[in-house]
Amino acid sequence: MTGLRGKYEASVLTAAITGGDVLPSQSPHIPCGADAIVAEAVGAAEAGATCIHIHARDDEGRPSADPALFEEIVSGIRDQTDVVVNISTGGAPGMSLDERLAGARRAQPEIATLNLGTMNYEGFPNRERWPEVASDWEREVLEASGDGVFVNTLNMLRQFASTLRELQITPELEAYDLSHIAMARFLIDEGTLEPPVRLQLVLGVLGGAGNAPRDLHLLADAAERILGDELGSVAVAGLGFPMQFRHAAIAFSSGLDCRVGLEDNIRLRRDVQATSNAELVGVAIGLADHVARPIMTPTALREELGPWAGKTEVAA
Ligand code: KMH
Ligand code: ZN
């Protein structure tokens, strides 16, 4: 079937190291600052991740668009591992399009995200469930709840896509709902995106689709129908515990790629915090092993990405 791996073919396992949504007060293990982010990424790569998805945070944990910080993080990772690097262009609320592209521009990853639509985006919708936080900037994030909009207009999508093409970076298309898959179809048809496309389903953001196994099936089936032969691969990232692991088990059982990591889930068990990204990667690899799904190596993923991944040859 289109976009799905064969029965025993390898799946890509991405580790999303730190993100920008979890507040450092929620987990002491969220890496903040270049050294900690590099150490976590290297740990996840050594645990067996194919690819590392990177956001930058400053030493206080505040999301950052500083290209020098991205460069420091990516060069630190590349000095120690051959893991494939994927940089976020999602950024954080309030960042401009140029700020969101600055990290990818400077650090030249193999992959960068491209978020497929404007949507409500709420990490802390229930005031009574807000975490205790230690810093003013975290309190400001909580106080902004209820008005969160993730802005990705059509013209922004065109600009993200054309910049990534100029930089020879493969876009990973982030779809949070059915409408985003229709948008990918439109962007392929108008020539903005070149097929085959890599699709990442992100489940469980309030403002996007739900987080149940049937939401995943619905969206994966829709992706196959809507994108057909132009669908290169489908990955899933489920937010929170236990859905990160439940979606991983389904992904590996169904021929999808998979993303785990502290960006999306800070728990190992219901009452146990994960202490590292490597731990979450270890769980995913265990699940993959039990359903006879090998994990793709970074070298094999670079081959799949083609000449752009390594910039040995310029695509026509
Ligand atoms: N934080 C995730 C829910 C991106 O970085 O471009 C969404 C994400 C998007 O990973
Ligand atoms: Zn991200």
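S.K.: Just to check I follow, could you spell out the overall build of the chain for this structure?
M.R.: Check the secondary structure of the chain and you find ten helices and 14 strands. A compact globule built from 316 residues should have a C-alpha radius of gyration of about 20 Å, and the chain, at 18 Å, falls within 12% of that. By residue count, 53% of the 316 residues in the chain fall in the buried class. Excluding contacts between residues fewer than 6 apart, the proportion of contacts in the chain whose partners are at least 24 apart in sequence is 77%. Looking at the chain as shown, the accessible area adds up to about 13,400 Å², and 50% of this sits on carbon and sulfur atoms. Charged side chains of the chain number 25 positive and 45 negative; the gap between the two group centres comes to 5 Å.

S.K.: Explanation requested: a negative patch on the surface in the structure shown.
M.R.: Taken together, Asp35, Asp59, Glu60 and Glu72 make up a surface patch of like negative charges. With respect to the helices and strands, Glu60 occurs in the loop between strand S3 (56-57) and strand S4 (63-64). Glu60 gets classed as exposed once you look at its relative accessible area, which sits at 55%.

S.K.: For this particular structure, what's the right way to read the coordination of the zinc ion (ligand 2)?
M.R.: Think of it this way: four donors in a tetrahedron around the metal ideally sit 109.5 degrees apart, and six in an octahedron ideally sit 90 or 180 degrees apart. Coordination of the zinc ion (ligand 2) by the protein involves His53 (NE2), His55 (NE2) and Glu263 (OE), with metal-donor separations of 2.1 to 2.2 Å. Mapped onto the polypeptide sequence, the residues donating to the zinc ion (ligand 2) form the spacing pattern H-x1-H-x207-E. By the burial criterion, His53 is buried, and His55 matches it.

S.K.: Where do I start with the sheet that holds strand S6 (residues 111-115) in this structure?
M.R.: Picture the strands of a sheet paired through backbone hydrogen bonds; they go either parallel or antiparallel. An order of S1-S2-S5-S6-S9-S10-S11-S12 is seen for the eight strands of this closed barrel, with the pairing classed as parallel. Between one strand axis and the next, the sheet turns by 30° as a mean value, whatever way the strands run. Here strand S1 (residues 13-16) pairs with strand S2 (residues 51-54) via three bridges, running parallel. From the neighbouring strand, Ala15 faces S2, where its bridge partner is Ile52.

S.K.: Where do I start with unusual backbone geometry in this structure?
M.R.: For residues that are not glycine, phi is negative in most cases, and the peptide bond is trans in most cases. With omega at 0°, the peptide bond leading from Pro195 into Pro196 counts as cis. The omega torsion across Phe241 and Pro242 is 5°, close enough to zero to call that bond cis. Not every positive phi belongs to a glycine, and Gln108 is a case in point at roughly 50°. Along the polypeptide, Gln108 turns up in the loop between helix H3 (97-107) and S6. Phi at Ala292 takes a positive value of approximately 60°, unusual for a residue other than glycine. Within the secondary structure, Ala292 is located in the loop between helix H9 (277-290) and helix H10 (298-305). Given a relative accessible area of 38%, Ala292 falls into the partly exposed group.

S.K.: Explain helix H1 (residues 34-47) here, please?
M.R.: Note: α-helices contain 3.6 residues per turn, so residues at a spacing of three or four share the same orientation. End to end, H1 covers 20 Å across 14 residues, agreeing with the expected 20 Å (1.5 Å per residue, within 8%). For H1, the set of buried residues is Ala34, Ile37, Val38, Glu40, Ala41, Val42, Ala44 and Ala45. Check the buried side of H1 and you find it contacts S1, S2, S3, helix H2 (67-80) and H9.

S.K.: Can you help me understand the packing of aromatic side chains in this one?
M.R.: By convention here, two paired aromatic rings are described through the distance between centres and the angle between planes. Scanning all chains against the criterion turns up four aromatic pairs. Judged by centre distance (5.3 Å) and plane angle (75°), the ring pair of Tyr121 and Phe150 falls under edge-to-face. Remark: Phe150 occurs in strand S8 (residues 149-150) and Tyr121 occurs in the loop between strand S7 (119-120) and helix H4 (136-143); sequence separation between them is 29 residues. Its relative accessible area of 23% is what places Tyr121 among the partly exposed residues. With 6.3 Å between their ring centres and 70° between their planes, Tyr121 and Tyr176 make a pair best called edge-to-face. Taken as a pair, Tyr121 in the loop between S7 and H4 and Tyr176 in the loop between strand S9 (170-175) and helix H6 (178-189) lie far apart in primary sequence, 55 residues in all.

S.K.: I would appreciate a short explanation of the site of ligand 1 in the present structure.
M.R.: All residues adjacent to ligand 1 are Asp21, His53, His55, Ser88, Gly90, Thr113, Asn115, Tyr121, Tyr176, Val202, Arg259 and Glu263. Between Asn115 and ligand 1, the recorded distance is 2.8 Å, taken from a side-chain N or O atom to an oxygen atom. In this structure, Tyr121 approaches ligand 1 through a side-chain N or O atom, which is 3.4 Å from a nitrogen atom. The protein chains hide 97% of the 300 Å² of surface that ligand 1 would expose on its own. A breakdown of the residues in the shell around ligand 1 according to their chemical character gives three nonpolar, six polar and three charged.

S.K.: What am I meant to see in the nonpolar core here?
M.R.: Considering soluble globular proteins, one finds that nonpolar side chains tend to be buried as a cluster. In terms of nonpolar packing, the biggest core is built from 76 residues, with Ile52, Ile181 and Leu199 touching the most fellow members. Excluding residues that lie within four positions of it along the chain, Ile181 makes contacts with Ala175, Leu199, Leu201, Leu219, Ala222, Ala223, Ile226 and Leu227. Membership of the second largest hydrophobic core comes to eight residues, among which are Cys51, Ile111, Met296 and Ala309.

So, how was this worked out
- Residues numbered from 1 in each chain as written.
- Chains lettered and ligands numbered in written order.
- Predicted model: local features only at pLDDT ≥ 70, side-chain atom pairs only at ≥ 80, totals over all residues.
- Heavy atoms only, no water.
- Helix = DSSP H or I, 4+ residues; strand = E, 2+ residues; numbered from the N terminus.
- Rg over C-alpha atoms; globule rule 2.2 N^0.38 Å.
- Buried < 20%, exposed > 50% of the residue type's maximum accessible area, 1.4 Å probe, protein only.
- Contact = heavy atoms within 4.5 Å.
- Areas by Shrake-Rupley, 256 points an atom, 1.4 Å probe, with all protein chains shown as cover.
- Lys, Arg positive; Asp, Glu negative; His and termini not counted.
- Charge placed at Lys NZ, Arg CZ, Asp CG, Glu CD.
- Patch = residues over 30% accessible without salt bridge, like charges linked within 9 Å, V, L, I, M, F, W, Y side chains within 5 Å.
- Salt bridge = Lys/Arg side-chain N within 4 Å of Asp/Glu carboxyl O.
- Donors = N, O, S within 2.8 Å, 3.2 Å for Na, K, Ca; no water.
- Pairing = 2+ DSSP bridges.
- Axes fitted to C-alpha atoms, helices over the stretch in contact; angles between N-to-C directions.
- Expected span 1.5 Å × (residues − 1).
- Phe/Tyr/Trp six-rings, centres within 6.5 Å; stacked < 30°, edge-to-face > 60°.
- Near = heavy atom within 4 Å.
- Polar contact = N/O pair within 3.5 Å; in protein donor to acceptor, adjacent residues only side chain to side chain.
- Nonpolar A, V, L, I, M, F, W, Y, C, P; charged D, E, K, R; others polar.
- Core = buried A, V, L, I, M, F, W, Y, C linked by side-chain atoms within 4.5 Å.

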